[in-house]
Amino acid sequence: MVFVLDTNKRPLAPCHEAVARKLLKQGKAAIYKRYPFTIILKEIVDNFRPKTPYRLKIDYGSKHTGLAIVRGEEVLWLAQLDHRTDIKERLDKRRAFRRARRKRKTRYRKPRFLNRRRKDGWLPPSLESRVQNIQTWVERLRKICPIEHISYENAKFDTQLMRNPEINGVEYQQGTLQGYEVREYLLEKFGRKCCYCGKEGVPLEIEHIIPKSRGGTDRVDNLCLACHDCNQRKGSKTAEEFGYPHIQEMVKKTLKDASVVNATRWKVYEVLKQSGCEVECGTGARTKMNRIRLGLPKIHYFDACCVGESTPLQLHFKTKEALFIKAKGRGSRSRTNLDKYGFPRGFLARQKFFFGFQTGDMVKAVIPRGKYQGGWFGEVACRKTGSFDIKGKDGKRIAQGINYRYVQVIQRFDGYTYRREGMNIA
């Protein structure tokens, strides 16, 4: 299905792709946007009111969010929104650079780390990014489709039950370390010996099974005891890489994703309420029940179709593909590339636009001669020399050293990358 706007950019009912192709061929419409594909008519449509209301369904997840636009029993549009997962890592790296820079300057500087004030409802940037992604796409879809209702899976995860399915009653108030200190707990757990070489009667150090530099946490199930020699030889390896897979198996699955959803679910709900649409909340159990009843596979955009009590008894898919949307951000302030040791290895240009293009723009290049003769379509990577590269769907360069004169913008970079894939219904 293709989204349709009138000449005043008011959303109309989506049409079939054959109808859109006919309108474009007759000159009655023009392409307004490629992702999601939208056409704009060259006339005004007055008093348009949809016979059946359009509903946006959202299956919120920490890494991926499913989106679906439904009209009655008809599924018109499907998408999967991939959130950014590198924000925490980038903030840590920026903080390390800042502290190193200040440490190199020996002049006295008054501490300023205790004068920060956080507003009510503050969320860490890594969580706020997920909320803003959903807010952005709700606003974008409402501009190209007459959506009046929203169904949202407001799921809550019991993290203790996920750790221990048999937990009950007062056990919820008794953590892993009840009655112990961390070191005493580890000494008893590992028999007061090094868990790698088995030495006894030597000083033991608390060690991370999965190092913090590799994404490990300070949870007690990620800690073990090691002698000084083993701790030094292990370095930044995991226990499995160090040759002790049975130690690695002691680390329980992280509940980071469940914690992200628990911390942001009501913030997302508030954002959806501010859109002005009627918001329906559904549970994860209802979504699963609807998906099993409809015989759909466990995929994020199919889960979105099954959110809420409004899910009909049967669904008819009017689309054969899903749009995959990946949040990329809008670049970095850093103008210096570093090697793995932290030393500069290259410098980036100060400006963002080159000859009217910026890196990430969707472009079409028609090259008359040479090695890359022919037509190319993809994302552009800009250089200030005017010699551009074009990347394909997989992010690999498919054409290099293309002069900017052969390049034409199809859609400006908006902080997201897109690709279409056919639906997979088992």
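The rules behind each value
Residues numbered from 1 in each chain as written. Predicted model: local features only at pLDDT ≥ 70, side-chain atom pairs only at ≥ 80, totals over all residues. Heavy atoms only, no water. Buried < 20%, exposed > 50% of the residue type's maximum accessible area, 1.4 Å probe, protein only. Helix = DSSP H or I, 4+ residues; strand = E, 2+ residues; numbered from the N terminus. Pairing = 2+ DSSP bridges. Axes fitted to C-alpha atoms, helices over the stretch in contact; angles between N-to-C directions. Core = buried A, V, L, I, M, F, W, Y, C linked by side-chain atoms within 4.5 Å. Contact = heavy atoms within 4.5 Å. Phe/Tyr/Trp six-rings, centres within 6.5 Å; stacked < 30°, edge-to-face > 60°. Lys NZ or Arg CZ within 6 Å of the ring centre and 35° of its normal. Domains from an automatic or database assignment. Buried area = accessible area lost by both parts, 1.4 Å probe. Salt bridge = Lys/Arg side-chain N within 4 Å of Asp/Glu carboxyl O.

**Considering the pairing of strand β3 (residues 38-41)**
(1) Moving on: In β3, alternate side chains face the same way, and those of T38 and I40 on one face and I39 and L41 on the other are all buried.
(2) Moving on: One ladder, built from three bridges, connects strand β1 (residues 3-5) with β3; its direction is parallel. Within β3, the residue paired with V4 across the bridge is I39.
(3) Moving on: Hairpin geometry of strand β2 (residues 29-33) and β3 is characterised by an intervening segment of four residues between the two adjacent antiparallel strands.

**Thoughts on the sheet that holds strand β15 (residues 362-367)**
(1) Moving on: Read across the open sheet, the five strands follow the order β18-β17-β16-β15-β19; overall the sheet is antiparallel. Two strands close off the open sheet at either side, each with one partner strand: β18 (397-403) and β19 (407-411). Averaged over all pairs of adjacent strands, the angle between strand axes in this sheet comes to 40 degrees, irrespective of strand direction.
(2) Moving on: Taken together, the four bridges between strand β17 (residues 387-391) and β18 define a ladder with antiparallel strand orientation. By the bridge assignment for β18, I390 is matched with A399.

**Some remarks on the pairing of strand β16 (residues 374-381)**
Along any regular strand, the residues point their side chains to alternate faces of the sheet.
(1) Moving on: Summarising the sheet, β15 and β16 pair through six bridges and their orientation is antiparallel. Its bridge partner being in β16, V366 is matched across the sheet by G375.
(2) Moving on: Between β15 and β16, which pair antiparallel in sequence order, lie six residues; one of them, G370, sits at a positive phi of approximately 100 degrees.
(3) Moving on: Of the pairings in the sheet, the one linking β16 to β17 comprises three bridges and is antiparallel in character. Counted as the bridge partner of E379 is K391 from β17.
(4) Moving on: Where β16 folds back onto β17 in an antiparallel hairpin, the turn is made up of five residues, including G386, whose phi is positive at roughly 90 degrees.

**Remarks on the nonpolar core**
(1) Moving on: Core analysis: the largest hydrophobic core is formed by 39 residues, its most contacted members being I58, I69 and L272.
(2) Moving on: Leave out the neighbours within four places in its chain, and L272 touches I58, I134, V138, I150, Y152, C277 and V279.
(3) Moving on: Core analysis: the second largest hydrophobic core is formed by 20 residues, V220, C227, F242 and V251 among them.

**Things to note about unusual backbone geometry**
(1) Moving on: The omega torsion across Y35 and P36 is -15 degrees, close enough to zero to call that bond cis.
(2) Moving on: Looking at where P36 falls in the secondary structure, it is placed in the loop between β2 and β3.
(3) Moving on: Positive phi is not limited to glycine here, since N47 has a value of about 55 degrees.
(4) Moving on: Residue placement: N47 occurs in the loop between β3 and β4 (54-59).
(5) Moving on: Taking the relative accessible area as the measure of exposure, N47 reaches 79% and is therefore exposed.

**What to know about the sheet that holds β2**
(1) Moving on: What the three strands build is an open sheet, ordered β1-β3-β2; its pairing is mixed. Two strands close off the open sheet at either side, each with one partner strand: β1 and β2. Geometrically, the sheet is characterised by an average inter-axis angle of 35 degrees between neighbouring strands, direction not taken into account.

**Some points on the packing of aromatic side chains**
(1) Moving on: In this structure the tally under the stated criterion is 14 aromatic pairs.
(2) Moving on: Pairing Y372 with W376 gives two aromatic rings, centres 6.0 Å apart and planes at 80 degrees, and the pair type is edge-to-face.
(3) Moving on: What makes Y372 buried here is its relative accessible area of 19%.
(4) Moving on: On the basis of relative accessibility, which here comes to 22%, the residue W376 falls in the partly exposed class.
(5) Moving on: Over the face of the ring belonging to W122 we find R118, whose NZ or CZ atom lies 3.9 Å from the ring centre.
(6) Moving on: The ring of F324 has R419 sitting right over it, with the charged end atom 4.5 Å from the ring centre.

**Looking at the domain arrangement of the protein chain**
(1) Moving on: Splitting the protein chain by domain gives domain 1 (1-46), domain 2 (53-91 + 123-157 + 274-327), domain 3 (174-254) and domain 4 (352-422).
(2) Moving on: Each of domain 1 and domain 2 was reduced to a C-alpha centroid, and the two centroids are 24 Å apart.
(3) Moving on: Of the residues lining the interface, twelve residues belong to domain 1; the matching set on domain 2 comes to 13 residues.
(4) Moving on: Both faces combined, the contact of domain 1 with domain 2 buries some 1,000 Å², and carbon together with sulfur accounts for 73% of it.
(5) Moving on: Inspection of the domain 1/domain 2 interface yields zero salt bridges.

**Some words on the pattern of salt bridges**
(1) Moving on: As enumerated under the stated definition, the model contains 22 salt bridges in all.
(2) Moving on: A salt bridge links R95 to D92; the nearest nitrogen and oxygen atoms lie 2.7 Å apart. Remark: D92 and R95 occur in helix α2 (residues 87-104); sequence separation between them is three residues, near one turn of the helix.
(3) Moving on: Judged by its relative accessible area of 32%, R95 falls in the partly exposed class.
(4) Moving on: Residue D92 is classed as partly exposed on the basis of its relative accessible area, which comes to 26%.

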